[in-house]
Amino acid sequence: MPYALCFLLFMIGLYCAVVKKNLVKIVIGLAIMEYAVNLFLIMLGYRTGGTAPILDKTYIEAGTNKIVANFINTSVDPLPQALVLTAIVISLGSLALIISISIRIYGKYGTFDITEIRRLKG
Amino acid sequence: MTKVLPAFVLIPLVMAFVLPVFGKKGKNIATVLANLVTITLFVLAIACIGKSGVYQVGNWSIRVGIILVLDGLSSLMLLAINLVSAAAMLFSARYMEQYTAKSKYLSLFMLMVAAMNGLVLAGDLFNLFVFLEIASLASYALVGFGCEHEELEASFKYMVLGSVASSFILFAIALVYGNTAYLNMACISKSIQASGLNIGLTFALALFIVGFGLKAALVPFHAWLPDAHSSAPAPISAMLSGIIIKTLGVYALTRILFNIFGVSISVGWLLITLGLLSMIAGAFLAIGQWDFKRLLAYSSISQIGYVVLGIGLGATLLAKKANPAWASLALLGGLFHLVNHAVYKSLLFLTSGSVEMSTGTRQLKEMGGLAQRLPVTRTACTVASASIVGIPPFSGFWSKLILVIAAVQAGLYWIAAIIVFVSLCTLIMYLKVQRYAFLGELPENLQQIKENKGSMLVAMAVLAFLCVLMGLLVIIPSLRDSILKPAVDVLTVGPKHWEIAGILKM
């Protein structure tokens, strides 16, 4: 169910980016898409009642095998978190670039309406 | 040999941050440095031919760490990338003098080269995505480099479709990770072979095809390409058409289809359909264009169709378990056409840049008789046109011939007929360029124009020589066995180094 909602969010972003006529709304649509993907990634590593994937004193009860088993059974998957951090940085970079281009377009054309920004044809 | 692999990413990446420091005053030093870097990388790429190996970044275990992988396919792509970037950089040394902020241009160019080298060397899906995004970001910025109305509009369009594609690809990577718990390509491939495709992985495959199809500008997804490629500065158009769409789109898709998911007949036919659509639609749209660079951009769509057709044909034959020699031939044709197109299309864009710099226009109707004024540009353009059309001694002829033979061997005569037909359409569009730009009467206002000098001529001459000589890659058996055959083998039998490095034993 959460995955379906996440996919719905992705489709909302895609709809917004493809259908809307305003540059700023298109950028917002792209951002929603990226957030949906980030949310999906982080949900892959989610575990109800999970602990941080760091070995500390609380694991030490008895014997090495017990520690390892405890750790495996309770810790969340750390890899998606690392991936999400990277993906957020990348999407931040691309959003910053696309917003600065939008500002330059507004300076040149004086409008955010994409139907009026049409010099390239054919 | 694997010790040099990080250099392909590190040298240009470091230079990308060093070059802007030179600013306006030191831009000549920055240009020389940038040229040295691209030429060094090209020499390194030549040294990597026929080698294979794995470099573990930071000595982490292969399953969780970052690895750089060199095999036949990556070394072929490295060769193409660094050849085109060396030529484009040589050309920009003089061409980019028209623009302000040259050192920023050099910096973005270096970033793009670093990301593309990293993309073809990446051994896991997430790093492939990271490098893909860096290359895309650099190319969005370079398309809008002129900051005029058209450039900004094209850059915005390119960026919206590019970001949608990137989101699709990241979503697909997340699905693959969720279903297999691996990011390393070899481990994913092993896991998929063991358990087969489930719904999640099939959906991921569909997302990959759409995402990389957008990046490669295959026909239903091609809307951004003509704007972006015709608005960028000429050397960047050469990079975009010559290399970017192939590395970001075709290479990544091929790697994922053949080496990770494994080929199936339906996916093979999907690729053949996309390829044929791109070939025909691209060629028809190109014939109607009067803007020199726009015509070349549409022609790129048509030519990328040939590459995808060859790869799709190979995939279908492999999945049918037909004669393996037939599949190898189709893949050889596709990959050889990829390299050929990188050389002649970048040459064509460089000549269009040279014409634009001399005449100040891109409209074919405003030109004419340039053959007397721009003899070297004219010769280069004629060689490249002959090559793209497929006139016998030139490179394009050999790759198209291989594709035709592969289609006939597979019993698909209608595909062979379409390949020949699209070649005729290509002939028409390049005769149009020759007729309106270089032959006929010289208009009054263009009487005083002069041929461009120096590095621009050298860059065009080098690429023109290669157009003539590239045919040797398939004619001479030793060259074919050392450059093209390893790349084909990676696709047909899987990368050998995976076993050698012991990745699969994990």
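Residues numbered from 1 in each chain as written. Chains lettered and ligands numbered in written order. Predicted model: local features only at pLDDT ≥ 70, side-chain atom pairs only at ≥ 80, totals over all residues.

## So, the overall build of chain B
Okay, step 1: Along the backbone of chain B there are 21 helices and two strands.
Okay, step 2: By the compact-globule yardstick of 23 Å for 506 residues, chain B fits well, its C-alpha radius of gyration being 22 Å.
Okay, step 3: For chain B, the spread of C-alpha atoms along the three principal axes comes to 70 × 55 × 45 Å.
Okay, step 4: Residues classed as buried in chain B amount to 62% of the 506 residues present.
Okay, step 5: Sequence separation of 24 or more characterises 80% of the internal contacts of chain B that already satisfy a separation of 6 or more. (Helix = DSSP H or I, 4+ residues; strand = E, 2+ residues; numbered from the N terminus. Rg over C-alpha atoms; globule rule 2.2 N^0.38 Å. Buried ≥ 20, exposed ≤ 12 C-beta atoms within 10 Å, placed from the backbone. Contact = placed C-beta atoms within 7 Å.)

## Let's talk about the confidence of the model for chain A
Okay, step 1: Of all residues in chain A, 92% attain a pLDDT of 70 or more, and the chain-wide mean is 85.
Okay, step 2: The secondary-structure element of chain A with the lowest mean pLDDT is helix α3 (residues 64-74) of chain A, recorded at 74, while helix α2 (residues 23-44) of chain A shows the highest, at 93. (pLDDT = per-residue confidence, 0-100.)

## So, helix α1 (residues 5-18) of chain B
Okay, step 1: Over its 14 residues, α1 of chain B extends 21 Å from the first C-alpha to the last, a length consistent with the 20 Å expected when each residue adds 1.5 Å.
Okay, step 2: What α1 of chain B keeps buried is the set Leu-5, Phe-8, Val-9, Ile-11, Pro-12, Met-15 and Ala-16 of chain B. (Expected span 1.5 Å × (residues − 1).)

## A few points about the environment of Ser-241 of chain B
Okay, step 1: Secondary-structure assignment places Ser-241 of chain B in helix α10 (residues 234-261).
Okay, step 2: Residue contacts for Ser-241 of chain B: discarding those within four places in its chain leaves His-229, Leu-296, Ala-297, Ser-300, Lys-345, Ser-346 and Phe-349 of chain B.

## Concerning the packing of helix α5 (residues 125-143) of chain B against α10 of chain B
Residue and element names in this part refer to chain B.
Okay, step 1: Packing of α5 against α10 leaves a shortest axis separation of 11 Å and a crossing angle of 155 degrees. Our classification of the angle between α5 and α10 gives roughly antiparallel. Remark: the crossing between α5 and α10 carries left-handed chirality. Contacts between α5 and α10 involve Leu-128, Leu-132, Ala-135, Ser-136, Ser-139, Leu-142 and Val-143 from the first element and Ile-236, Leu-240, Ile-244, Leu-248 and Ala-252 from the second. (Axes fitted to C-alpha atoms, helices over the stretch in contact; angles between N-to-C directions. Parallel < 35°, antiparallel > 145°, perpendicular 65-115°, else oblique. Left-handed = near helix turned anticlockwise from the far one by under 90°.)

## What to know about the interface of chain B and chain A
Okay, step 1: With 28 residues of chain B at the interface, the matching set in chain A holds 29 residues.
Okay, step 2: Elements represented by at least two residues in the side of chain B that touches chain A include exactly α5 and α6 (149-180) of chain B.
Okay, step 3: With 17 residues, the single largest contributor to the side of chain B that touches chain A is α6 of chain B.
Okay, step 4: Classifying every residue of the side of chain B that touches chain A gives 16 nonpolar, seven polar and five charged. (Nonpolar A, V, L, I, M, F, W, Y, C, P; charged D, E, K, R; others polar.)

## Observations concerning the environment of Ser-346 of chain B
Residues and elements named next belong to chain B.
Okay, step 1: The residue Ser-346 is located in helix α13 (residues 324-359) in this model.
Okay, step 2: Exposure remark for Ser-346: the 30 C-beta atoms within 10 Å place this residue in the buried category.
Okay, step 3: Residues Ser-346 and Ala-297, spaced 49 residues apart in sequence, show a C-alpha to C-alpha distance of 11 Å.
Okay, step 4: Apart from residues no more than four positions distant in its own chain, Ser-346 is found in contact with Val-84, Ala-87, Ala-88, Ala-238, Ser-241, Gly-242 and Leu-463.

## So, helix α15 (residues 375-389) of chain B
All names here are of chain B.
Okay, step 1: Across its 15 residues, α15 extends 21 Å between first and last C-alpha, which sits within 8% of the 21 Å expected from 1.5 Å per residue.
Okay, step 2: With 11 of 15 residues buried, α15 is to be regarded as a mostly interior element.
Okay, step 3: Restricting attention to buried positions, one finds in α15 the residues Thr-377, Arg-378, Ala-380, Cys-381, Val-383, Ala-384, Ser-385, Ala-386, Ser-387, Ile-388 and Val-389.
Okay, step 4: As for α15, its buried residues are in contact with α13, α14 (370-373), α16 (395-409), α17 (413-438) and α18 (455-469).
Okay, step 5: A positive backbone phi angle near 100 degrees is found at Gly-390, which sits one or two residues after α15.

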